[in-house]
Amino acid sequence: MTTDFLDLLKMTIPAGAVLYGAYFIVKMFLQKEYDSLSIKYKGNQLEQTLPLRLQAFERLALFLERISYRELLDRVDYSAMDVVTLQHALVLTIKEEFNHNLSQQIYVSNELWEMIRGAKEEEISFINQVAKSLGDKSTGFDLAKTLLEQSLQQESSPVDVALTQLKSEVSHLF
């Protein structure tokens, strides 16, 4: 009986070692295949999303440029407007530009998106402050002139800061 048990043990231990070795080799092979397919999938995904992300960065850069005071005032005929009308036109233009680019937030970091949204809010706030300081009797030309003068006195505008951050984030893609 003990000899039968020893004979059985002599066959089972080598067979178990061979089975464990085969299991280990198959597991390593499957893991390598999984890793290879995962890398290929991520590469394909990156290949498809990178152009979309770059387009989003381009659109957001364009948005930031379009809401700067010089650009805003170039697109609005303020010669016949009073201060309140120009103020509303500028704020409305900024809000429309922002709403047009809302979907781009899914392609950029939360920090960058918050900077862009903050730049928009600060631009609107600045326009409102300057318009309020001029009073209702002022003309649109007065508002435009004061906006440009005061913006030139700023070292860096919120738009400039957001643009710098945007460029920094784009550079990390490459």
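From a predicted model like this one, the values you see are computed outputs, not experimental measurements.

## Observations concerning the overall build of the protein
In step 1: The helix and strand inventory of the protein stands at six helices and zero strands.
In step 2: Listing the helices and strands of the protein from first to last along the sequence gives α-α-α-α-α-α.
In step 3: The C-alpha extent of the protein, read off along each of the three principal axes, is 115 × 25 × 25 Å.
In step 4: Sequence-distant contacts in the protein: of pairs separated by 6 or more residues, those separated by 24 or more amount to 79%.

## So, the packing of aromatic side chains
In step 1: Tallied over the entire structure, the rule returns five aromatic pairs.
In step 2: Summarising the aromatic geometry, the rings of Tyr 69 and Phe 126 are spaced 5.2 Å apart at their centres and angled 45° between planes, so their arrangement reads as tilted. Of this pair, Tyr 69 sits in helix H2 (residues 69–75) while Phe 126 sits in helix H4 (residues 110–134); the two residues are 57 residues apart in sequence, bridging distant segments of the chain. Taken as a pair, Tyr 69 and Phe 126 share a single burial class, namely buried.
In step 3: An aromatic cluster of at least three residues, connected via ring pairs, comprises Phe 63, Phe 98 and Trp 113.

## Comments concerning the side chain of Ser 151
In step 1: Within the secondary structure, Ser 151 is located in helix H5 (residues 140–153).
In step 2: Judged by relative accessible area, Ser 151 falls into the buried class, the value being 12%.
In step 3: Within the structure, the side chain of Ser 151 is placed 3.0 Å from the backbone oxygen of Leu 148, a separation counted as a polar contact.
In step 4: The contacts of Ser 151, once residues within four sequence positions are left out, are Tyr 69 and Phe 126.

## So, the environment of Ala 131
In step 1: Looking at the element boundaries, Ala 131 is found in helix H4.
In step 2: For the pair Ala 131 and Leu 143, spaced twelve residues apart in sequence, the C-alpha separation works out to 6.2 Å.
In step 3: Excluding residues within four positions of it along the chain, Ala 131 makes contact with Val 83, Gln 87 and Leu 143.

## A short note on the side chain of Gln 87
In step 1: Mapped onto the elements, Gln 87 comes out in helix H3 (residues 83–100).
In step 2: Among residues more than four places away in sequence, those in contact with Gln 87 are Ile 127, Asn 128, Ala 131 and Leu 143.

## Looking at the packing of H3 against H5
Relative placement of two packed helices is described by the angle separating their axes and the distance separating the axes.
In step 1: Remark: H3 packs on H5, axes separated minimally by 7 Å, with the N-to-C direction vectors making an angle of 55°. Considering the angle they form, H3 stands oblique to H5. Of H5, the residues touching H3 (which contributes Val 83, Leu 86, Gln 87 and Leu 90) are Gly 140, Leu 143, Ala 144 and Leu 147.
In step 2: Counted by class, the contact of H3 with H5 contains six nonpolar, two polar and no charged residues.

## Overview of the nonpolar core
In step 1: Ranked by internal contacts, the top residues of the largest apolar core, which has 33 residues, are Leu 64, Leu 90, Ile 116, Ile 127, Leu 147 and Leu 166.
In step 2: Counting residues per element, the ones that place at least two in this core are helix H1 (2–66), H2, H3, H4, H5 and helix H6 (158–171).
In step 3: For this core, the element with the most residues is H4, which contributes nine residues.
In step 4: With sequence-adjacent residues up to four places away left out, Ile 116 is seen in contact with Leu 60, Phe 63, Leu 64, Ala 162 and Leu 166.

## Observations concerning the pattern of salt bridges
In step 1: Throughout the structure, instances matching the rule amount to four salt bridges.
In step 2: As a salt-bridge pair, Glu 97 and Arg 66 come within 2.7 Å of each other at their nearest N and O atoms. One end of the pair, Glu 97, is in helix H3; the other, Arg 66, is in helix H1, and 31 residues separate them in sequence.
In step 3: Here Glu 97 falls in the buried class, since its relative accessible area comes to 13%.

Each value, and the rule that gives it
- Starting afresh in each chain, residues are numbered from 1 along the sequence in its written order.
- Totals for whole chains, interfaces and linings use all residues, but because this is a predicted model, local features are given only for residues with pLDDT of at least 70 and pairs of side-chain atoms are given and counted only at 80 or more.
- No hydrogens and no water enter the side-chain calculation; it runs on all heavy atoms of the structure.
- Where helices and strands are cited, they refer to DSSP runs of H or I of at least four residues and of E of at least two residues respectively, numbered from the N terminus.
- Pairs of residues are marked as contacts when any of their non-hydrogen atoms sit within 4.5 Å.
- In this scheme Phe, Tyr and Trp rings, the latter by its six-membered ring, pair at centre separations within 6.5 Å, and the angle between planes marks the pair as stacked below 30 degrees, edge-to-face above 60, and tilted otherwise.
- When accessible area is computed with a 1.4 Å probe and restricted to protein chains, residues below 20% of their type maximum are described as buried, those above 50% as exposed, and intermediate ones as partly exposed.
- For this analysis, a polar contact is any N or O atom pair within 3.5 Å, provided that within protein one partner can donate a hydrogen and the other can accept it, and provided that sequence-adjacent residues contribute only side-chain to side-chain pairs.
- Orientation is described by lines fitted to C-alpha atoms, with helices fitted over the stretch in contact, and by angles between N-to-C directions that extend from 0 to 180 degrees.
- Angular relationships are summarised with four words: roughly parallel below 35 degrees, roughly antiparallel beyond 145, roughly perpendicular across 65 to 115, and oblique for the angles in between.
- By the convention adopted, Pro, Cys, Tyr, Trp, Phe, Met, Ile, Leu, Val and Ala count as nonpolar, Lys, Arg, Asp and Glu as charged, and the other residues, Gly among them, as polar.
- For our purposes a nonpolar core is just a set of buried Ala, Val, Leu, Ile, Met, Phe, Trp, Tyr and Cys residues, chained together by side-chain atoms within 4.5 Å.
- Within this document, salt bridges are pairs made up of a side-chain nitrogen of Lys or Arg and a carboxyl oxygen of Asp or Glu, the two lying within 4 Å of each other.

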